[in-house]
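Read off the chains here:
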Amino acid sequence: MALPTTGSTTLIINGEKYPLSVDHRTTLLDALRERLDLTGTKKGCDQGQCGACTVLIDGRRSLSCLQLAVAADGREITTIEGVADGDQLHPVQQAFLDLDGYQCGYCTPGQICSALGVIEEHAAGWPSAVTADVRPEAGPSALTDEEIRERMSGNLCRCGAYVSIVRAVARAAASARTPESTEVQA
Ligand code: FES
Ligand code: FES
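Nothing here was measured: the structure is a model prediction, and the numbers come from that model.

Remarks on the overall build of the protein chain
Secondary structure summary: the protein chain contains five helices and five strands in total. Helices (α) and strands (β) of the protein chain occur, in sequence order from the N terminus, as β-β-α-β-β-β-α-α-α-α. The globule rule puts the C-alpha radius of gyration for 186 residues at 16 Å, and the 17 Å found for the protein chain is close to it. By principal-axis analysis of the C-alpha atoms, the protein chain measures approximately 60 × 40 × 30 Å. Every one of the 186 residues in the protein chain was classed for burial, and the buried ones make up 37%.

Shown next, in the form of structure tokens:
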């Protein structure tokens with residue numbers, strides 16, 4: 001007896017439900033782009049190496065090219081299309097815009113989704129590979145440029161806009177801590 005190769009799934013994307021019938025092998029990335037026309041999420045390598053396809057699943061960073069759509073059933077997915085609040089850019093988006101955190105822009109949706117995850121992870125006290133002292137009594141590490149580079153290292157930028165990306169993430173993180181510090185710093 002032939003086993004079924006398609007299944008029903010309901011993706012919850014940016015707060016909206018999308019019932020779909022998909023081939024079990026369909027990645028979340030292909031479901032977003034090819035089935036739902038949510039083309040803000042980019043395909044770079046399609047093998048988990050570039051970060052262009054980064055989305056948030058239940059608030060955590062995830063590479064959508066490595067995630068099967070059926071495995072994302074019922075989970076809360078945030079793509080770049082859902083980051084802004086109407087016409088109001090999210091502070092991370094605004095920081096990338098103000099500080100030129102991009103050139104061609106192809107990697108930018110993934111960079112921004114990843115930056116959202118970085119800021120949350122750091123605020124929650126998660127250490128990174130370059131955190132010098134991970135003992136609980138040491139308290140949270142500062143989000144230094146070195147920390148940002150390490151935490152964003154899964155997101156490649158072929159245009160080499162890294163210096164500006166680090167500045168944008170730093171400013172967005174600072175504005176998340178103290179909302180009044182959102183002015184552009186040269
Ligand atoms: S397209 Fe997913 S990591 Fe490159
Ligand atoms: S801005 Fe062009 S790849 Fe990053």
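Some points on the packing of helix H2 (residues 91-98) against helix H3 (residues 108-123)
Here H2 crosses H3 at 130 degrees, and the two axes come no closer than 10 Å. In terms of orientation, H2 and H3 fall into the oblique class. In this structure, H2 meets H3 at a crossing whose hand is right-handed. Along its contact with H2, which presents Val92, Gln93 and Phe96, the element H3 presents Thr108, Ile112, Ala115 and Leu116. Of the residues in the contact of H2 with H3, the class split is five nonpolar, two polar and no charged.

As for the environment of Thr27
Mapped onto the elements of the fold, Thr27 is located in the loop between strand S2 (16-23) and helix H1 (28-35). If sequence neighbours within four positions are ignored, Thr27 has contacts with Ser64, Cys65, Gln67, Leu68 and Ala69.

Section: the pairing of S2
Two faces belong to every sheet, and in a regular strand the side chains alternate between them. Inspection of the sheet shows strand S1 (residues 6-13) paired to S2 by eight bridges, in the antiparallel sense. Its bridge partner being in S2, Ile13 is matched across the sheet by Glu16.

Brief notes about the pairing of strand S4 (residues 60-63)
Bridge count between strand S3 (residues 54-57) and S4: four bridges; the pairing is antiparallel. Bridge pairing in S4 places Leu56 opposite Arg61. In this structure, the hairpin formed by S3 and S4 is closed by a connection of two residues, where Asp58 is found at a positive phi of approximately 50 degrees.

Points about H2
Those residues of H2 not exposed but buried are Val92, Gln93, Ala95 and Phe96. All buried residues of H2 project into a common sector of 160 degrees when viewed along the axis, lining one side. One or two positions beyond H2, positive phi appears at Asp100, with a value near 55 degrees.

Considerations on the domain arrangement of the protein chain
Under the domain assignment, the protein chain is made up of domain 1 (6-82) and domain 2 (91-177). For domain 1 and domain 2, the distance between their C-alpha centroids amounts to 22 Å. Contacts between domain 1 and domain 2 engage 14 residues on the former and 13 residues on the latter. Contributions of two or more residues to the side of domain 1 that touches domain 2 are made by S3 and S4. With three residues, S3 is the largest single contributor of residues to the side of domain 1 that touches domain 2. Taken together, the residues of the side of domain 1 that touches domain 2 sort by class into six nonpolar, five polar and three charged.

Some remarks on the sheet that holds S2
Across the sheet, five strands lie side by side as S2-S1-S5-S3-S4; this open sheet has mixed pairing. Looking at which strands have only one partner, the edges of the open sheet turn out to be S2 and S4. Between one strand axis and the next, the sheet turns by 40 degrees as a mean value, whatever way the strands run. On top of the sheet, H3 reaches S3 and S4; it is set at about 35 degrees to S3, its chief contact.

Looking at the nonpolar core
The biggest cluster of nonpolar side chains holds 42 residues, and the ones touching the most others in it are Ala115, Val169 and Ala172. Elements with a contribution of two residues or more to this core: S1, H1, S3, H2, H3 and helix H5 (162-177). In terms of residue count, the dominant contributor to this core is H5 (seven residues). Each of domain 1 (6-82) and domain 2 (91-177) contributes no fewer than three residues to this core. Dropping the residues within four chain positions of it, Val169 is found in contact with Ala115, Val118, Ile148 and Met152.

The rules behind these values
- Residues numbered from 1 in each chain as written.
- Chains lettered and ligands numbered in written order.
- Predicted model: local features only at pLDDT ≥ 70, side-chain atom pairs only at ≥ 80, totals over all residues.
- Helix = DSSP H or I, 4+ residues; strand = E, 2+ residues; numbered from the N terminus.
- Rg over C-alpha atoms; globule rule 2.2 N^0.38 Å.
- Buried ≥ 20, exposed ≤ 12 C-beta atoms within 10 Å, placed from the backbone.
- Axes fitted to C-alpha atoms, helices over the stretch in contact; angles between N-to-C directions.
- Parallel < 35°, antiparallel > 145°, perpendicular 65-115°, else oblique.
- Left-handed = near helix turned anticlockwise from the far one by under 90°.
- Contact = placed C-beta atoms within 7 Å.
- Nonpolar A, V, L, I, M, F, W, Y, C, P; charged D, E, K, R; others polar.
- Pairing = 2+ DSSP bridges.
- Arc of directions from axis to C-beta.
- Domains from an automatic or database assignment.
- Core = buried A, V, L, I, M, F, W, Y, C linked by C-beta atoms within 7 Å.

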